[in-house]
Amino acid sequence: MVGLLNAVVTGRQNMIRKISNIVGLCVCSMFLTHSLVIAAESSANTTESTLSVPYNGTVPKGPLTFPLYKGNGFQYFSAGVGLEERQLTYPTYPLKMILVQGARAFLSKVSLTIKQLDGPLTFEIPASHVEGPWVFVNIPTGTYLVTAEDSQQHTIEKQVSVTKGKTTVLYLRWAS
């Protein structure tokens, strides 16, 4: 019975992720119970590994895994699809961005450029690496200009200050 339930949930998750990729919205569902590791392309300066986060739910057993990217000396990953992913305890990263459209709809497939205003660091996160509405970035203390572009080429720019030992949450909200 558990195997059948797991297969049904995995099928629903695959369907929701495909719809999410087409529409550009992260469709969240109470039926999602775990995250898939989705292969993403690597560029010359970006490497991919896997981040494993403990999960105490009943289906599936074991940790949830997420693609963990590293490029230009920083690490980042995307999460937050479904209730289970939003209830996990993630590693502490200095910057957590939440991608939202309107009052409540989460977004994915958003490209991000992060430029350090008080230093030389600039890096890009391609839309193909943003599978969920939360993007965690391990960057040094500083002030940054974040430029985000959704699948409709609507752009948002926000300034954020990141301090050592604390997670700064930045909401990037597009109009409905």
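Above this note sits the structure.
Since this is a predicted model, take the numbers as computed values, not measurements.

**Examining the sheet that holds strand β7 (residues 122–125)**
Working step 1: Strands sit in the order β7-β6-β9-β10 across an open sheet of four strands; the sheet is antiparallel. Of all the strands in the sheet, just β7 and β10 (155–162) have a single pairing partner and so form its edges. Recorded for the sheet is a direction-independent mean angle of 20 degrees between the axes of neighbouring strands.
Working step 2: With six bridges connecting them, strand β6 (residues 111–116) and strand β9 (residues 142–149) associate as antiparallel partners. Within β9, the position partnered with Thr 113 by the bridge is Thr 147.

**Re the packing of aromatic side chains**
Working step 1: The tally for this structure, following the rule as stated, stands at 11 aromatic pairs.
Working step 2: When the ring of Phe 66 is compared with that of Tyr 90, the centres are 5.7 Å apart and the planes differ by 65 degrees; the resulting orientation is edge-to-face. One end of the pair, Phe 66, is in strand β2 (residues 64–71); the other, Tyr 90, is in the loop between α2 (82–87) and β4 (95–101), and 24 residues separate them in sequence.
Working step 3: With a relative accessible area of 2%, Phe 66 lands in the buried category.
Working step 4: Note on Tyr 90: relative accessible area 11%, which makes it buried.
Working step 5: Of the aromatic side chains, those joined through ring pairs into one cluster are Phe 66, Phe 77, Tyr 90, Tyr 93, Trp 134 and Phe 136.
Working step 6: For Lys 96, the ring lying beneath its charged end belongs to Trp 134, and the centroid distance is 3.7 Å.

What counts, and at which threshold
Residues numbered from 1 in each chain as written. Predicted model: local features only at pLDDT ≥ 70, side-chain atom pairs only at ≥ 80, totals over all residues. Heavy atoms only, no water. Pairing = 2+ DSSP bridges. Helix = DSSP H or I, 4+ residues; strand = E, 2+ residues; numbered from the N terminus. Axes fitted to C-alpha atoms, helices over the stretch in contact; angles between N-to-C directions. Phe/Tyr/Trp six-rings, centres within 6.5 Å; stacked < 30°, edge-to-face > 60°. Buried < 20%, exposed > 50% of the residue type's maximum accessible area, 1.4 Å probe, protein only. Lys NZ or Arg CZ within 6 Å of the ring centre and 35° of its normal.

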